[in-house]
Amino acid sequence: MGNCLKTSTRVDNAHIPQQEPSKVSRKNYKTGTPSAHSNQTAISSSSSLTVPYFTEKSTESLPTPRTEREILSSSNLKAFTFNELKNATRNFRPDSLIGEGGFGYVFKGWIDEHTYNPAKPGSGIVVAVKRLKPEGFQGHKEWLTEVEYLGQLHHPNLVKLIGYCSEGDNRLLVYEFMPKGSLENHLFRRGAQPLLPWAIRIKVAIGAARGLAFLHNAESQVIYRDVKASNILLDADFNAKLSDFGLAKAGPTGDKTHVSTQVMGTPGYAAPEYIATGRLSAKADIYSFGVVLLELLSGRHALDKSKIGIEQNLADWAKPNLGDKRKLFRVMDTKLGGQYPNKGAFAVATIALQCISGEARNRPTMSEVLATLEELQDPKEMVKMPQQEIQSRATTFSRSPMRPHQHRRSPAPGGSPLPSHQRSPLVR
């Protein structure tokens, strides 16, 4: 779950959709953020809390709010009982715990592949069960938002939400299990994960870009609002999926260019104009994605308070070196040992530089970013792709109740489709 510009911390186990914590009470697990109002009681199942709802027929009118009961009854998700999830996780035993943070706890569980009934460990399919702490209005609101969006949106590069539990004060979510954990784990956990080679980094970037392009090009646009390395999860083949939709927001409608909202996100990733004004557009996601590209290039955190001066903020530190081929080596992750194509690295640096432009209007669209990244993919990785993902290169977006537009991308022959960049102000 998210809160108002939470601080970014390291994640130790990210097999599940998550966000980074401000405080974590368990030594080995850091997978979530505390509720913004942790002293408030949980909302009961009869709550009148509403979130935006999108119809298929119109994009001109404002989203119609729906109650919690309407959201839960209309979702394409399984409604689990609390006892079913107790059995699936072996009564939430400590040795099933794979994550803990301010929002609550995440447990590994097993369910039958067809009936979704609880299964014995080692049989059926593995799932991640996120259990919300029984207090906090903000946490409940984000739980409901996640049900609303992931109950409607379906794409190979979005994590699959299988079901939920809303019984008494219990609020749980059941996701597909992502065996490779988060991108953050692989980039920043010293010695715990094998090095991510260049080809895999590009593959991950492309997968995340596809997920974002799907959201941005939906007929009723969705702004993800929480693009960061810990929210990009990896399956067994390093296919990337966006997770944790607690901060997702409906995009502007009609001739509007933005929506005004409370500033939420993670320092180091949040776009400067959004921080300054609260005006949110899809270009805020583009900025955040540019920061993730910088993390892939450099192996550095978006924000690192252990460093001094400008080096604390990755975007500000890297920017002067991104547009110069002779200086780019200063940014590149030394753990790669020089094992990357210079031309490809400079192309990614150029994309990142344009994404983190201080002027939102000068940033590219995600479809443009995706088109350029796909040109850099290693042909060997294409061979390894599942057929579903290969097909998504042509269509990019699968059918969903959100009725996405067709993928719009038309890169100029022989050159990048991306606009020129401008220097960004500091992001505090």
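Per chain, residue numbering runs from 1 following the sequence as it is written. This being a predicted model, a pLDDT of at least 70 is required before a residue's local features are given, and a value of 80 or more before pairs of side-chain atoms are given or counted; all residues contribute to the totals for chains, interfaces and linings. Values shown for side chains rest on all heavy atoms present in the structure; no hydrogens or waters enter the calculation.

With that settled, consider the environment of Ile-125. With respect to the secondary-structure elements, Ile-125 resides in strand β6 (residues 125-132). For Ile-125, a relative accessible area of 25% translates into the label partly exposed. Along the primary structure Ile-125 and Asp-112 are separated by 13 residues, whereas in three dimensions their C-alpha atoms are 6.2 Å apart. When residues no more than four places from it in sequence are discounted, the contact partners of Ile-125 are Gly-109, Trp-110, Ile-111, Glu-113 and Tyr-116. Put simply, DSSP marks the helices as runs of H or I at least four residues long and the strands as runs of E at least two long, and each gets a number from the N terminus on. Relative accessibility under 20% of the residue-type maximum defines a buried residue, over 50% an exposed one, and the middle range a partly exposed one, all with a 1.4 Å probe and only protein chains included. The criterion used for residue contact is that any of the two residues' heavy atoms lie within 4.5 Å.

Axes are the key here: two packed helices are described by the angle between their axes and the distance separating the axes. Where helix α7 (residues 282-298) contacts helix α8 (residues 314-322), the axes come no closer than 11 Å and their chain directions differ by 70°. If you check the angle between α7 and α8, you find them roughly perpendicular. Two secondary-structure elements touch here, α7 through Tyr-287, Val-291, Leu-294, Glu-295 and Ser-298 and α8 through Leu-314, Ala-315, Ala-318 and Leu-322. Each residue gets one label: Ala, Val, Leu, Ile, Met, Phe, Trp, Tyr, Cys and Pro are nonpolar, Asp, Glu, Lys and Arg are charged, and the others, such as Gly, are polar. Here the contact of α7 with α8 is composed, by residue class, of seven nonpolar, one polar and one charged. Interaxial angle, 0 to 180 degrees, is taken between N-to-C directions of lines fitted to C-alpha atoms, where a helix line uses only the stretch in contact. Oblique is the label for any angle not under 35 degrees, not over 145, and not in the 65 to 115 range, which are roughly parallel, roughly antiparallel and roughly perpendicular in turn.

In this scheme Phe, Tyr and Trp rings, the latter by its six-membered ring, pair at centre separations within 6.5 Å, and the angle between planes marks the pair as stacked below 30 degrees, edge-to-face above 60, and tilted otherwise. A complete count under the given rule lists six aromatic pairs for this structure. Consider the rings of Tyr-105 and Phe-107, whose centres lie 6.4 Å apart with planes at 45°: the pair is tilted. For Phe-107, a relative accessible area of 6% translates into the label buried. Here Trp-143 and Tyr-164 contribute two aromatic rings whose centre-to-centre distance is 6.3 Å and whose plane-to-plane angle is 80°, an arrangement assigned as edge-to-face.

Moving on, we get to the pairing of strand β7 (residues 161-167). Among the seven residues of β7, five are classified as buried, and the element is accordingly described as predominantly covered. In this analysis, strands are considered paired if DSSP registers two or more bridges between them. Of the strand pairs in this sheet, strand β3 (residues 78-79) and β7 are connected by two bridges, and their pairing is parallel. Each residue of the ladder has a partner; that of Ala-79, found in β7, is Tyr-164. Alignment of β7 against strand β8 (residues 170-176), held across six bridges, turns out to be antiparallel. Opposite Tyr-164, over in β8, you have Leu-173 as the bridge partner. If you look at the hairpin formed by β7 and β8, you'll find two residues sitting between the two strands, and Gly-168 has a positive phi there, around 65°.

A word on the UniProt feature "binding site: ATP" (unreviewed entry) in the protein. UniProt positions are given in the numbering used here, feature names are shortened, and annotations may be inferred rather than shown by experiment. In the UniProt entry, the feature "binding site: ATP" (unreviewed entry) is given for Lys-130. One can find Lys-130 in strand β6.

Let us now look at the nonpolar core. Of all hydrophobic cores here, the largest spans 94 residues; its most connected members are Leu-215, Phe-245 and Phe-289. The element that contributes the greatest number of residues to this core is helix α5 (residues 198-216), accounting for 12 residues. For Phe-245, the residues in contact, after removing those within four places along its chain, are Thr-145, Glu-146, Tyr-149, Leu-150, Leu-153, Leu-158, Leu-215 and Tyr-224. Counting 14 residues, the second largest nonpolar core, distinct from the first, contains Leu-97, Phe-107, Val-127 and Leu-172. Nonpolar cores were defined as sets of buried Ala, Val, Leu, Ile, Met, Phe, Trp, Tyr and Cys residues, with membership established by side-chain atoms within 4.5 Å.

As for its placement among the helices and strands, Thr-89 is situated in the loop between α2 (82-88) and β4 (97-101). When its relative accessible area of 0% is taken as the criterion, Thr-89 is described as buried. Those residues in contact with Thr-89 that sit more than four places away from it in its chain are Ser-96, Phe-107, Lys-108, Gly-109 and Val-129.

The end-to-end C-alpha distance of α5, which contains 19 residues, comes to 27 Å, matching closely the 27 Å that a straight helix rising 1.5 Å per residue would cover. With 18 of 19 residues buried, α5 is to be regarded as a mostly interior element. Expected span, for any helix, means 1.5 Å times one less than how many residues it has.

A few words now on the pattern of salt bridges. Salt bridge, as applied in this entry: a Lys or Arg side-chain nitrogen positioned within 4 Å of an Asp or Glu carboxyl oxygen. Counting across every chain of the model gives 13 salt bridges. The partner of Glu-273 in a salt bridge is Arg-363, and the shortest N-O contact between them spans 2.7 Å. On the criterion of sequence distance, the pair formed by Glu-273 in helix α6 (residues 272-277) and Arg-363 in the loop between α9 (342-355) and α10 (366-374) is long-range, its members being 90 residues apart. We classify Arg-363 as buried; its relative accessible area is 2%. Each of Arg-90, Arg-93 and Asp-95 takes part in one network of salt bridges that share partners.

A few words now on the pairing of strand β5 (residues 104-111). Along any regular strand, the residues point their side chains to alternate faces of the sheet. Burial analysis of β5 places six of its eight residues in the buried class, the great majority of the element. In the sheet, β5 pairs with β6 via eight bridges, with the strands oriented antiparallel. When the bridges of β6 are listed, Ile-111 appears paired with Ile-125.

Attention now moves to unusual backbone geometry. Backbone geometry at Arg-225 places phi at a positive 70°, although glycine is not the residue there. Following the sequence through the fold, Arg-225 ends up in the loop between β9 (222-223) and β10 (232-234). One non-glycine residue, Asp-244, lies in positive phi territory at about 65°. Positionally, Asp-244 belongs in the loop between β11 (240-242) and β12 (249-250). The exposure class assigned to Asp-244 is buried, which follows from its relative accessible area of 1%.

pLDDT is defined as a per-residue confidence score from the predictor, taking values between 0 and 100. Averaged over every residue, the pLDDT of the protein is 77; residues scoring 70 or more account for 70%. Per-element confidence in the protein ranges from a low mean pLDDT of 40 for strand β1 (residues 50-53) to a high of 98 for α7. Predicted confidence is poor over residues 6-14, with pLDDT under 50, and the contacts of this stretch with residues over four places away or in other chains come to 49 contacts.

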